[in-house]
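Structure at a glance
The primary structure of each chain is shown beneath.
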Amino acid sequence: MDKNNFYSKPIHITQLKPEFVNLVDLEEELQVVVIKKADGISVIADVCPHMGGYLSQGKYCTKSSTLQCPWHGYIFNVDTGGFIENPNEIIWGNLRYPTEHFKPKTTPKYKLNKLEYEIDQDKIYIRRQSKI
Amino acid sequence: MNYKFSLTYELDAPIEIAVAAYLDSEHYIFLHKDYTDKYEVLHHEPHSRVITVRQTWKLFGVSMGQVYTCEYVPPAQFKNYHVKPSPWYIPSIHHLISVSTDLKYLPNPEKNTTISILDVEVEMPFWIYPFRYLIQKAIKKLKVEKDAEDMDMIYRREKLFGRGNNAGYLMEHQFMLYKDDYVKYYGSLK
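The sections below set out a description of the structure shown in this document. Source: prediction; values computed, not measured. (Residues numbered from 1 in each chain as written. Chains lettered and ligands numbered in written order. Predicted model: local features only at pLDDT ≥ 70, side-chain atom pairs only at ≥ 80, totals over all residues.)

With 22 residues of chain A in contact, the opposing surface of chain B contributes 21 residues. Partitioned by chemical class, the residues of the side of chain A that touches chain B number 10 nonpolar, 9 polar and 3 charged. (Contact = placed C-beta atoms within 7 Å. Nonpolar A, V, L, I, M, F, W, Y, C, P; charged D, E, K, R; others polar.)

This is the structure in structure tokens:
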């Protein structure tokens, strides 16, 4: 493993609470959410792709493996990073008619920023990205 | 009896961002979850700027709320009035007083900030009048706390995307109240 390609600060696996939204500061202005499950670990930048909310303050559902942003309630799949649901489509349903500048049938292409990593003994090293 | 007061202060955000945060209704029950857990649009006329909503919250495990009318006056004025308790059978301050608010945002070009002016009018029976300052204090506290939550969001977005960047609100799939009006006034500032 070429350590130049990875953030220098590792994440200690033993310090992660399982099935929990762990917030880890990797320094270098990068905070990540780490979710340790029985079948793997997900490392996600702590920025909601919708409006920039703190995913670390979101709700994690173990059963569906989803994370809900605390700002607007958008729900994402932790395993794939894909956008699943915007609950506001129901809440504000009767006002969501098409207008000149609002196209409700347009599907947003939001995706969680999942970071690649390598495990070395009990430490997780996060691969650097060009831009997060 | 009638009691009026105003709250005026400066929001450290360009007006296009302050207005976007107000019209961005998708955050009402998530970011402001401590104050509201449910919003329902009870009535609206298509393409009008007036809606009737029911806003609900829980107090000691009991669900309670209020029904009121919201009116948007472009580009940056927001009125709330006809506030009624909901459900009517749960005791509420709104059985005793009637509150109307008129919020105006004005640009402060020198500092690229927003002046927020909230005019509040409270109708109350004479025996509540001695407590008018307590009512004023409660309304002010609620306004300041919710503005602080909005400012936390605004500062975070400013750090990520730059000051005054409202591009996220302008995307065609992004819902906000009265979006066409918003785009008309603030859609091409960048």
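So, on to the environment of A:Asn113. Residue and element names in this part refer to chain A. The topology assignment puts Asn-113 in the loop between helix H1 (88-91) and strand E9 (117-120). Judged by the 17 C-beta atoms lying within 10 Å of it, Asn-113 is partly exposed. Each C-alpha atom of the pair Asn-113 and Leu-23 lies 15 Å from the other, and the pair is 90 residues apart in sequence. (Helix = DSSP H or I, 4+ residues; strand = E, 2+ residues; numbered from the N terminus. Buried ≥ 20, exposed ≤ 12 C-beta atoms within 10 Å, placed from the backbone.)

Residue and element names in this part refer to chain A. Both strand E1 (residues 11-12) and strand E10 (residues 123-126) contribute to a ladder of 2 bridges, which runs antiparallel. Considered in E10, the bridge of Ile-11 is made with Ile-124. For E9 and E10, the ladder comprises 4 bridges, and the chain directions are antiparallel. Its bridge partner lying in E10, Asp-120 is registered against Lys-123. What sits between the antiparallel neighbours E9 and E10 is a turn of 2 residues, in which Gln-121 has the positive phi angle 55 degrees. (Pairing = 2+ DSSP bridges.)

A few words now on helix H1 (residues 15-23) of chain B. An α-helical segment advances 3.6 residues per turn. Residues three or four places apart therefore align on the same side. Burial runs high along H1(B): 8 of the 9 residues are buried. Taken as a whole, H1(B) has its buried residues at B:Ile15, B:Glu16, B:Ile17, B:Ala18, B:Val19, B:Ala20, B:Ala21 and B:Leu23.

Read these as geometric descriptors, not functional statements.
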